[in-house]
Amino acid sequence: MRFFIKYLLGFVLSVTAVAQDVAMSDHARKTLEIYRTIVGMDSSKLGAARAPDVAQYLSEEFWAAGFAKADVEIVKKGDLVGLIVKYRGKKDSRKKPILFLGHMDVVEANASDWVRPPFELTEDDAYFYGRGSDDNKFGIAQISATFIRLKKEGFVPDRDLIIAFSGDEETGMETTRLLAYERPDLAEAEFALNTDAGGGDLDVAGNALTYRIQAAEKTYVTWEITARNPGGHSSRPRPDNAIYDLADAIKNIQAYKFPVRWSDMTLNFFEETGQQLGGELGDAMRAFAEDPMDVKASDRLMIESSYVGSTRTTCVVTMLRAGHAENAMPQSATATVNCRVFPGVSVAEIEGVLKKVVANDAIEFVMLGDPTESPISELRDDVMAAVRKAVHARYPNVKLIPYMESGGTDGMHFRKAGIPTWAVSGMFMNPDEMFAHGLNERVPKKAFYGALDHWSIIIKELAGP
Ligand SMILES: [Zn+2]
């Protein structure tokens, strides 16, 4: 009997799949064509570096759809490229533009490690496969095809809509910086919507649990802290020792709790997530949302690795390097301390706190890289309503929950530049199926076809007549 049902179900599914092919709209066909073409271009840094090809190909698609030559611009930073596309609104409009973000580059993929060729869009009954099929060529294809669709429909927005795609989001973010800080025309935007994060979570049965809106990113910053010592022969130990000094510093960092931090956005996150989770953890979340100074609640959340980061700055020791010979006293000992700083707290302040915590003036601090501090984008009713409409068209009643990410999308630079940014991808999938950055990256076909109207609903709400 079970076999029979399975067989029957398989039959029904394949008939549906065929029907979908036959009935595929022009928009679905165009979106798939763009998706297939750009996944087929290796735009990883170590690969063929074909982000310029992606930009060139998309430009031609926009021109063919009727966008003016001058409104489609490939911007360059050395060998790197970004893409700006302006969908002109009504001439007399006084409303400021909306930006749409995404990135054309992908993480490297070593073909010999993959079951399928990474730089080709392949498929079976349930999935599309390929590097970038999720991150972020899904978003690039969906928003690009939506611009083309609306143009062909003759839609005239009541404000300018501007695509700003970066070309090296996964690596140096040079083109992101160019777009966020060096373009006065983009700086005028009222806000930005990012295709590269956010989205819906499904359970194994395919029911929607929540829809997440990325509204903030913590600041990612790393220090190397070093203890030094004259050292000497290990047969004649001296009381002071670089490794011991560093160990003391590390133990102090381990014991230190950064103070609790919150915003309207994070309290809302805990209220909603607490209601949804229920149980003793859910109660702690709701107690925290009610009163973030409730120590019992914040201590409870502190032992949850998934949630501690939304309650405070965190720092953790991730690497060690010390000594130079088995029979010599160490001349230096270095630990790597990686921190995720709560928005609104400066990196300089955290360095000051860490120096007090290690309580040893002789420990040297060296900050690595150039951290980007960005504020929280507090929610706006009009944006929430537009996203809610798009989400509820597919999954009625699902809750929209804003969240803070540990850091890593183009959004942080736009937020830093003063443009509130929310990531609101049209992707709905089971988090366990997420292989972005990993091997055999894939996207359920249902997620791809389900998202076809996501951006046009949002755009018509925010810029329609
Ligand atoms: Zn991405």
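Everything numeric here is computed off the predicted structure, so don't read it as measured data.

### Observations concerning helix 4 (residues 137–153)
In this model, helix 4 (17 residues) spans 24 Å end to end at C-alpha, consistent with the 24 Å of a helix rising 1.5 Å per residue. Counting buried positions along helix 4 gives 13 out of 17 residues, so the element sits mostly inside the fold. Positioned one or two residues after helix 4, G154 has a phi angle of 85°, which is positive.

### Observations regarding the sheet that holds strand 12 (residues 314–322)
Spatially, the four strands line up as an open sheet ordered 12-14-10-15, and their pairing is antiparallel. Because the sheet does not close on itself, it has two edges, and the strands there are strand 12 and strand 15 (364–368). Neighbour-to-neighbour, the strand axes of this sheet turn through a mean angle of 25°, independent of strand direction. Sheet analysis places strand 10 (residues 219–228) next to strand 15, joined by five bridges and oriented antiparallel. What sits directly across from I225, in strand 15, is F365. Docked against the sheet, helix 7 (residues 242–255) engages strand 10, strand 12 and strand 14 (332–341), running at close to 15° with respect to strand 14.

### Notes on the side chain of N241
Position of N241 among the secondary structure elements: in the loop between strand 11 (232–233) and helix 7. We classify N241 as buried; its relative accessible area is 9%. From its side chain, N241 meets the backbone nitrogen of I243 in a polar contact 2.7 Å long. Leaving out residues up to four positions away in the same chain, N241 has contacts with N229 and P330.

### Details of the sheet that holds strand 19 (residues 442–444)
With respect to topology, three strands assemble into an open sheet ordered 4-5-19, the strand pairing being antiparallel. Two strands bound the open sheet, and with one partner strand each, they are strand 4 (122–123) and strand 19. Examined bridge by bridge, strand 4 and strand 5 (residues 127–129) share two bridges and lie antiparallel to one another. Bridging across to strand 5, T122 finds its partner in Y129.

Parameters at a glance
Counting restarts for each chain, with residues numbered from 1 along the sequence as it is written. Local features are withheld for residues below a pLDDT of 70 in this predicted model, meaning they are given only at 70 or higher, and side-chain atom pairs are given and counted only at 80 or more; totals for whole chains, interfaces and linings count all residues. Only hydrogens and water are removed before side-chain values are computed, so all heavy atoms of the structure are retained for them. Think of it this way: any DSSP run of H or I at least four residues long counts as a helix, any run of E at least two long counts as a strand, and we number them from the N terminus. Given the number of residues in a helix, its expected span is that number minus one, multiplied by 1.5 Å. Relative accessible area decides the class of each residue, using a 1.4 Å probe on protein chains only: under 20% of the type maximum gives buried, over 50% gives exposed, and in between gives partly exposed. By this definition, two strands are paired if DSSP reports at least two bridges between them. Helix axes are fitted only over the stretch in contact, all axes being lines through C-alpha atoms; the angle between N-to-C directions runs from 0 to 180 degrees. We call two residues contacting when some pair of their heavy atoms lies within 4.5 Å. Side-chain atoms alone can form a polar contact between residues adjacent in sequence; in general such a contact is a pair of N or O atoms within 3.5 Å, and within protein one must be able to donate a hydrogen while the other accepts it.

Interpretation in functional terms is not warranted from these geometric data alone.
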